[in-house]
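Topology and contacts: notes
Below are the chains, spelled out letter by letter.
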Amino acid sequence: MNQIPKKGHHQLRKGRKSIAGTYYSITIATNDRRSILTKPDIPEIIFKCLNWLETEKYLKWMCIMVMPDHVHIVFKLGDKRTLSQVIYSFKRFTANQINIHLGQKGQVWQDSYHDHGIRKDESLKKIIRYLYENPVRKDMVKNPEDYPYWRCKYKM
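To keep things clear, this report deals only with the structure shown in the data block. (Residues numbered from 1 in each chain as written. Predicted model: local features only at pLDDT ≥ 70, side-chain atom pairs only at ≥ 80, totals over all residues. Heavy atoms only, no water.)

Per the secondary structure count, the chain includes five helices and five strands. Each helix and strand of the chain, placed in order from N terminus to C terminus, yields the pattern α-β-α-β-β-α-β-α-α-β. Burial statistics for the chain: of 156 residues in total, 41% are counted as buried. Considering only residue pairs separated by 6 or more positions, the chain has 70% of its internal contacts joining residues 24 or more positions apart. (Helix = DSSP H or I, 4+ residues; strand = E, 2+ residues; numbered from the N terminus. Buried < 20%, exposed > 50% of the residue type's maximum accessible area, 1.4 Å probe, protein only. Contact = heavy atoms within 4.5 Å.)

Quick look at the structure:
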């Protein structure tokens, strides 16, 4: 008899692999899904952190989409850190900076995150286009190019 897997963070980690040179699509949500990420200067904290991670060759980001209560990142994992180590560094640094900026203390990010290793048969551009159109699907803007809180190395 097949059992239905229990919901929870351990199910997200099941089957997680960290492979240098692999493209990943990552979604990280705020704790309690609080809408704090599009407050003034917060997206810039996220962009600067990812630029630093790239400078250190931990990853090479392709697309960053900052939504009010979560962030999507598409990147190629470098060979200096595991996927979990890169996400931990991102969450730790940005949480500290966001808390300072907002004059608060406490947990900024959910403990877990969703990762998807992008296989060769999947289109990187298709995944990025989906993220690009996310603010339109959420009725935040009429045209994706009007959304200010994203960065992409591809022309859309």
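Now for the sheet that holds strand E2 (residues 59-66). The strand order across the open sheet formed by five strands is E4-E1-E3-E2-E5, and the pairing between neighbours is antiparallel. Of all the strands in the sheet, just strand E4 (114-118) and strand E5 (150-152) have a single pairing partner and so form its edges. Adjacent strand axes in the sheet meet at a mean angle of 20 degrees, parallel and antiparallel pairs treated alike. Where helix H2 (residues 42-55) meets the sheet, its contacts fall on E2, strand E3 (70-77) and E5, and the angle it forms with E2 comes to roughly 170 degrees. Helix-sheet contacts for helix H4 (residues 124-132) involve strand E1 (23-29), E2, E3, E4 and E5, and the interaxial angle to E2 is about 30 degrees. (Pairing = 2+ DSSP bridges. Axes fitted to C-alpha atoms, helices over the stretch in contact; angles between N-to-C directions.)

Axes are the key here: two packed helices are described by the angle between their axes and the distance separating the axes. The N-to-C vectors of H2 and helix H3 (residues 83-102) enclose an angle of 145 degrees; their axes lie 10 Å apart at closest approach. Where H2 crosses over H3, the two elements pack in a sense that is right-handed. Side by side, H2 and H3 meet where Ile-42, Ile-45, Ile-46, Cys-49, Leu-50 and Leu-53 of the first sit next to Val-86, Ser-89, Phe-90, Phe-93, Thr-94, Gln-97, Ile-98, His-101 and Leu-102 of the second. Here the contact of H2 with H3 is built from residues that sort into eleven nonpolar, four polar and no charged. (Left-handed = near helix turned anticlockwise from the far one by under 90°. Nonpolar A, V, L, I, M, F, W, Y, C, P; charged D, E, K, R; others polar.)

Quick look at the side chain of Asp-69 now. Within the element layout of this structure, Asp-69 appears in the loop between E2 and E3. Apart from the residues lying within four places of it in its own chain, the contact partners of Asp-69 are Ala-29, Thr-30, Arg-33, Arg-34, Ser-35 and Leu-37.

Our next topic: the nonpolar core. When a protein is soluble and globular, its nonpolar side chains tend to lie buried together. Membership of the largest hydrophobic core comes to 30 residues, with the highest contact counts inside it found for Phe-75, Phe-90 and Trp-109. For this core, the secondary-structure elements that each account for two or more residues are E1, H2, E2, E3 and H3. The element best represented in this core is H2, accounting for seven residues. For Phe-90, the contacting residues outside a window of four places in its chain are Ile-28, Ile-46, Cys-49, Leu-50, Leu-53, Val-71, Ile-73 and Trp-109. Ranked by size, the runner-up nonpolar core spans 15 residues in total, among them Cys-63, Met-67, Leu-131 and Val-141. (Core = buried A, V, L, I, M, F, W, Y, C linked by side-chain atoms within 4.5 Å.)

A word on the packing of aromatic side chains. To describe a pair of aromatic rings, you give the distance between the ring centres and the angle between the ring planes. In the structure shown here, the tally under the stated rule is five aromatic pairs. Pairing Tyr-147 with Tyr-149 gives two aromatic rings, centres 5.5 Å apart and planes at 85 degrees, and the pair type is edge-to-face. When its relative accessible area of 4% is taken as the criterion, Tyr-147 is described as buried. Relative accessible area serves as the criterion here: at 26%, Tyr-149 is assigned to the partly exposed category. Of note, Arg-137 hangs over the ring of Tyr-130, and the distance from its end group to the ring centre comes to 3.7 Å. In this structure, Lys-153 packs its charged tip against the face of Trp-61, placed 4.4 Å from the ring centre. (Phe/Tyr/Trp six-rings, centres within 6.5 Å; stacked < 30°, edge-to-face > 60°. Lys NZ or Arg CZ within 6 Å of the ring centre and 35° of its normal.)

Once that is clear, we can look at the pattern of salt bridges. Tallying each qualifying case throughout the model produces four salt bridges. Close ionic contact of Arg-151 with Glu-44 constitutes a salt bridge, the shortest N to O distance being 3.8 Å. Taken together, the positions of Arg-151 in strand E5 and Glu-44 in helix H2 put the pair 107 residues apart, joining distant regions of the chain. In this structure, the salt-bridge partner of Arg-129 is Glu-133, at a minimum N-O distance of 3.5 Å. Given the relative accessible area of 30%, Glu-133 is considered partly exposed. (Salt bridge = Lys/Arg side-chain N within 4 Å of Asp/Glu carboxyl O.)

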